[in-house]
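# Breakdown of the fold
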Amino acid sequence: MSVAITADKVVKRYGDLTIIPQLTQNIRNGEFFTLLGPSGCGKTTLLRMIAGFNSIEGGQIRFNEQVINDIPAHKRNIGMVFQSYAIFPHLTVRENVR
Ligand SMILES: Nc1ncnc2c1ncn2[C@@H]1O[C@H](COP(=O)(O)OP(=O)(O)OP(=O)(O)O)[C@@H](O)[C@H]1O
Ligand SMILES: [Mg+2]
């Protein structure tokens, strides 16, 4: 099952450092969406916020209409593949996603 993902004025901070100042972006249900940007701009950070591995310092992330900011990772019903093949290095990209 796919969901629409909405980032509404989302903020990410590490201490005094603001990584994502205020991001608003809607990803439609079933949309093939690509995050493209220079190294260090916050792509992985945002994915981790969506999956529940990073805290969210401001704004909201919603799956359809549900705000997921305070829902723990294991209850979000969403997954992510880590940037390095840290978990299953012997599998292909397709197999890791599956
Ligand atoms: N746990 C952390 N503590 C402090 N700063 C962090 C932490 N994780 C990431 N950062 C910083 O946040 C910024 C964004 O990092 P992120 O890994 O999200 O970038 P990225 O867009 O995925 O880069 P790349 O294209 O190299 O994968 C970087 O400046 C990084 O140093
Ligand atoms: Mg990254």
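Use the structure listed above.
Residues numbered from 1 in each chain as written. Chains lettered and ligands numbered in written order. Predicted model: local features only at pLDDT ≥ 70, side-chain atom pairs only at ≥ 80, totals over all residues.

## So, the site of ligand 1
Rules: As used in this record, a residue near a molecule or strand is one whose C-beta atom, placed from the backbone, is within 6 Å of it. Under the scheme applied here, ten amino acids are nonpolar (Ala, Val, Leu, Ile, Met, Phe, Trp, Tyr, Cys and Pro), four are charged (Asp, Glu, Lys and Arg), and all others, including Gly, are polar.
Around ligand 1 sit Tyr 14, Ile 19, Gly 37, Ser 39, Gly 40, Cys 41, Gly 42, Lys 43, Thr 44, Thr 45 and Gln 83, and that is every residue in its neighbourhood. In the shell around ligand 1, the residues fall into 3 nonpolar, 7 polar and 1 charged.

## Quick notes on unusual backbone geometry
A negative phi angle characterises most non-glycine residues, just as the trans form characterises most peptide bonds. To keep it simple, the criterion reads: Strands are runs of DSSP state E lasting at least two residues, helices are runs of H or I lasting at least four, and both sets are numbered from the N terminus onward.
Even without glycine at this site, Asn 64 takes up a positive phi of about 50°. In this structure, Asn 64 sits in the loop between β3 (58-63) and β4 (66-67). Within the chain, Asn 77 stands out as a residue other than glycine whose phi angle is a positive 55°. Note that Asn 77 resides in the loop between β4 and α2 (93-97).

## A closer look at helix α1 (residues 43-51)
The following threshold applies: Using C-beta atoms placed from the backbone, we call a residue buried if 20 or more other C-beta atoms fall within 10 Å of its own, exposed if 12 or fewer do, and partly exposed for counts in between. The directions considered for the arc are those from the helix axis to the C-beta atoms. Each residue is represented by a C-beta atom placed from its backbone, and any two residues with such atoms within 7 Å are regarded as in contact.
Those residues of α1 that sit buried are Leu 46, Met 49 and Ile 50. Down the axis, α1 shows its buried residues gathered within 100° of arc, on one side only. Those residues of α1 hidden inside the fold are in contact with β1 (5-14), β2 (17-27) and β3. Trailing α1 by a residue or two, Gly 52 shows a phi angle of about 105°, which is positive.

The quantities given are spatial measurements derived from coordinates; they are silent on function.
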